[in-house]
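So you can see what is in the structure, the chains are spelled out below.
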Amino acid sequence: MSSEASATPDPRGSATPDPREPSAPDVRVPSASDVRVPSSADVRAPSSAGVHEPFPGDPREPSLADAYEAINDADDPRWAYGTGFTDPLAGVDTRLPGGVDAGDLSAYCLMLGDDALVMSHRLQEWCTHAPELEEEVALANIALDLLGQARLLLSRAGAADGSGRDEDAMAFLRGPEEFRNVRLAEAENGDFGQEMARLLVFATWRLALLDRLASSRDPVLAAVAAKGVKEVAYHRDYAAGWVVRLGDGTPYSRERVTEGLAAVWPDVAELFVPHEVEARLARAGAGVDPATLREEFDDVIGQVLTAATLTRPSTTVAGSGPGRGRDGDHTPALSRLLDELQSVARAHQGATW
Amino acid sequence: MVSPRARSGAPGRGVSSAWEVARAVLDPELPMLTLDDLGILRGVEETGDGSVVVTVTPTYSGCPAMAAIRADLSAALRAAGYADVEVRTVLAPAWTTDWITEEGRRRLADAGVAPPGQAPARRRGPVPLTLGPVRRRVGCPRCGSGDTEEVSRFGSTACKDLWRCRACREPFEHVKEL
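Residues numbered from 1 in each chain as written. Chains lettered and ligands numbered in written order. Predicted model: local features only at pLDDT ≥ 70, side-chain atom pairs only at ≥ 80, totals over all residues.

Novice: Explain the overall build of chain B to me, using residue names and the numbers behind them.
Specialist: A tally of helices and strands in chain B yields five helices and seven strands. If you list the helices and strands of chain B from N to C, you get α-α-α-β-β-α-β-α-β-β-β-β. Principal-axis analysis of the C-alpha atoms places the extent of chain B at approximately 55 × 40 × 30 Å. Counting every position in chain B, which comprises 178 residues, the buried fraction comes to 53%. Across chain B, contacts joining residues at least 24 apart in sequence account for 54% of those joining residues at least 6 apart. (Helix = DSSP H or I, 4+ residues; strand = E, 2+ residues; numbered from the N terminus. Buried ≥ 20, exposed ≤ 12 C-beta atoms within 10 Å, placed from the backbone. Contact = placed C-beta atoms within 7 Å.)

As structure tokens, then:
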């Protein structure tokens, strides 16, 4: 299994890597003791404080450490409802930047967290239904990334509003009218072409949003966003690749993705209409006005549709009706989704095992 | 290239023993790597009264191994005699595969997992869209050939993707650049 290639570290950054010359196989098997021996290549200069300071000069680090550590507090090795994994109140640093209203920040974290949670659930519903194993794995990975973002944001929401609700209470014990996700995320799954159309729209919009949010004055939002940018960039590339493949594929694949785009397009306009909370936080430097995302969104979608030889759907199609997800005004699809998502937690409230 | 950790300093006064214990803990999903190899161990602070604070950062937001990693760190340090162990998690700055050590890259390759190349540098402006096949070339960790292709940008864990080698026809995993 091992080979000479393994002994030759990847020349990182090389523009012309490395068809490696095969040579005598290296049959050495790493042992446990091997793994524990410090490498001579891994020498560190002493720190004056006797402490490893990973981010010298980062003024946000102390409060971030407290807040994030508390959000993720647990020695319990498992994360599941009822295992006591969470304890978001323990030492959460709820201090906010000046000029940022705690209620607004909490509501904003709910919006972005609910987008991620609900979209994650729709992607999870593809498990055992995707057309190929690789796509199954991809969709589950994307769902997991979004679930991770949701956990952080919902925990932050519960800490910021002073209610003491943890991530489980936020995810499992709110009714549909309390969810603040955009309607795009909650719509029932269609076929694979439609899912790729939705994921392209969702990821393109969210990537543009998180990229701007990474400079938020709220250190927790900024950190969640900076990490999310890297993840959602992969999600967008994945969906874009499929839209191109389907659109510029067979007549049937083209028909599927064309109809998929038409099905999700009525929910696009809502993504760019600022809620008053978003507008206030944008003015305070802590949030993003979604109206500012439209230009980048249109540009990216244009690139994808051009490569896919598709045209932008007409926006005159009636959407899912009046009302907006950001106001808690949802379609029946969200109620059905939450019935499933929340069934165990609601049937066994406070259960531990 | 200097990683932030390389700048961060070595074990100083009174720290080395806890650092040596913490750095040797293995990653649960990439057990050929120590947490130090993976670059997620961000700090070890020993106060001298038997208590130690370890700081780690997740690879991905949804990484399900984080709780296990915290538990493993805690257990290892307690076993080494530290009565009071606190494991903190930080999100910023976000982990990058550039923090995987050279030793870690060698161990990945030894185990048949292609190590990551350099993470893409972020230019100013919007995150660029990547359409079409990945231009990155990844050497086959089994036969060494450079004649490989990406199968899927997602794999068995959040941090890996799937490739295949056209020369030896074997599939393999690759730690994707982040």
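Novice: Outline the overall build of chain A, listing residues and values.
Specialist: Of the regular secondary structure elements, chain A holds 14 helices and zero strands. Taking all 353 residues of chain A together, the buried fraction comes to 46%. In chain A, 70% of the contacts between residues at least 6 apart in sequence involve partners at least 24 apart.

Novice: Requested: an account of the environment of Leu105 of chain A, with residues and values cited.
Specialist: Residues and elements named next belong to chain A. Mapped onto the elements of the fold, Leu105 is located in helix H4 (residues 102–124). Considered as a pair, Leu105 and Ala225 are 120 residues apart in the sequence and their alpha carbons are 14 Å apart. Apart from residues lying up to four places away in sequence, Leu105 is in contact with Leu96, Val100, Ala160, Asp218, Leu281 and Ala286.

Novice: Go over unusual backbone geometry with me, naming the residues and quoting the values.
Specialist: Across residues other than glycine, the phi torsion is negative in most instances, and most of the peptide bonds are trans. Cis geometry is adopted by the peptide bond preceding Pro93 of chain B, which originates at Ala92 of chain B and carries an omega value of -5°. In this structure, Thr128 of chain A is a non-glycine residue whose phi angle is positive, near 75°. By secondary structure assignment, the location of Thr128 of chain A is in the loop between H4 and helix H5 (133–160). The class of Thr128 of chain A is exposed, set by 6 C-beta atoms lying within 10 Å.

Novice: Would you mind going over the packing of H4 of chain A against helix H11 (residues 276–283) of chain A in detail, with residue names and values included?
Specialist: Residue and element names in this part refer to chain A. As a packed pair, H4 and H11 sit with axes 9 Å apart at the nearest point and diverge in direction by 115°. Helix-helix and strand crossings are classified by hand; for H4 and H11 the assignment is left-handed. In this structure, H4 contributes Asp104, Leu105, Ala107 and Tyr108 to the contact, and H11 contributes Val277, Glu278, Arg280 and Leu281. Looking at side-chain class alone, the contact of H4 with H11 contains five nonpolar, no polar and three charged residues. (Axes fitted to C-alpha atoms, helices over the stretch in contact; angles between N-to-C directions. Left-handed = near helix turned anticlockwise from the far one by under 90°. Nonpolar A, V, L, I, M, F, W, Y, C, P; charged D, E, K, R; others polar.)

Novice: So what's going on with the nonpolar core? Which residues, and what values?
Specialist: Counting 134 residues, the largest nonpolar core has Leu153, Met196, Leu200, Ala239 and Val243 of chain A together with Ala22 of chain B as its most contacted members. Considering every element that reaches this core, the biggest residue donor is helix H9 (residues 219–247) of chain A, with 17 residues. Once residues within four sequence positions are removed from consideration, Ala239 of chain A is found in contact with Met196, Leu199, Leu200 and Ala203 of chain A. (Core = buried A, V, L, I, M, F, W, Y, C linked by C-beta atoms within 7 Å.)

Novice: So what about the sheet that holds strand E6 (residues 160–165) of chain B? Which residues, and what values?
Specialist: All names here are of chain B. Reading across the sheet, the four strands line up as E4-E7-E6-E5 and stay open at both edges, with mixed pairing between neighbours. The outermost strands of the open sheet, each flanked by one partner alone, are strand E4 (113–114) and strand E5 (148–152). With five bridges joining them, E6 and strand E7 (residues 171–175) adopt antiparallel strand pairing. Bridge pairing links Arg164 to Pro171 in E7. (Pairing = 2+ DSSP bridges.)

Novice: Can you lay out the packing of H4 of chain A against H5 of chain A for me, pointing to particular residues and giving the numbers?
Specialist: All names here are of chain A. Orientation of H4 relative to H5, taken along the N-to-C sense of each, is 155°, at an axis distance of 7 Å. On the basis of their axis angle, the class for H4 and H5 is roughly antiparallel. Crossing handedness for the pair H4 and H5: left-handed. (Parallel < 35°, antiparallel > 145°, perpendicular 65-115°, else oblique.)

Novice: So what's going on with the environment of Gln118 of chain B? Which residues, and what values?
Specialist: One can find Gln118 of chain B in the loop between E4 and E5. Overall, Gln118 of chain B belongs to the partly exposed group, with 16 C-beta atoms counted inside 10 Å.

Novice: Explain helix H13 (residues 332–341) of chain A to me, using residue names and the numbers behind them.
Specialist: Residues and elements named next belong to chain A. Within the sequence span of H13, burial applies to Leu334, Leu337 and Leu338. One side of H13 carries all its buried residues, which in axial view fall inside an arc of 95°. Exposed and facing more than 90 degrees away from the buried side of H13 are Pro332, Asp339 and Glu340. (Arc of directions from axis to C-beta.)

Novice: Residue-level account of helix H12 (residues 294–307) of chain A, with values.
Specialist: Residue and element names in this part refer to chain A. With 14 residues, H12 ought to run about 20 Å at 1.5 Å a step, and its terminal C-alpha atoms sit 20 Å apart, in line with that. If you check which residues of H12 are buried, you get Phe297, Val300, Ile301 and Val304. All buried residues of H12 project into a common sector of 95° when viewed along the axis, lining one side. Away from the buried face of H12 by more than 90 degrees, exposed residues Glu295 and Gly302 are located. Packed against the buried residues of H12 are helix H8 (192–213) and H9. Phi turns positive, to about 55°, at Thr309, one or two residues after H12. (Expected span 1.5 Å × (residues − 1).)

Novice: Quick rundown of the sheet that holds strand E1 (residues 41–46) of chain B? Include the residues and the values.
Specialist: Residues and elements named next belong to chain B. In spatial order, the strands read E1-E2-E3; together these three strands make up an open sheet with mixed pairing. Each edge of the open sheet carries a strand with a single partner, namely E1 and strand E3 (84–89). Sheet twist, expressed as the mean angle between neighbouring strand axes with direction ignored, is 15°. The sheet strands contacting helix H4 (residues 66–79) are strand E2 (51–56) and E3, and the helix crosses E3 at an angle near 155°.

Novice: Residues and numbers for the pairing of E1 of chain B, please.
Specialist: Residue and element names in this part refer to chain B. Of all six residues in E1, six are buried; the element is thus mostly enclosed. Sheet analysis places E1 next to E2, joined by five bridges and oriented antiparallel. By the bridge assignment, Glu46 is partnered in E2 with Val52. Linking E1 back to E2 in an antiparallel pair, the connection comprises four residues, with Gly48 at a positive phi of about 100°.

Novice: An account of the pairing of E6 of chain B is needed here, citing residue identities and associated values.
Specialist: All names here are of chain B. A large share of E6 lies buried, amounting to five of its six residues. As paired elements, E5 and E6 share four bridges and run antiparallel to each other. Within E6, the position partnered with Glu150 by the bridge is Trp163. In textbook terms, the turn of a hairpin is the stretch between consecutive antiparallel strands, and for E6 and E7 this stretch comprises five residues, one of which, Arg169, has a positive phi near 70°.

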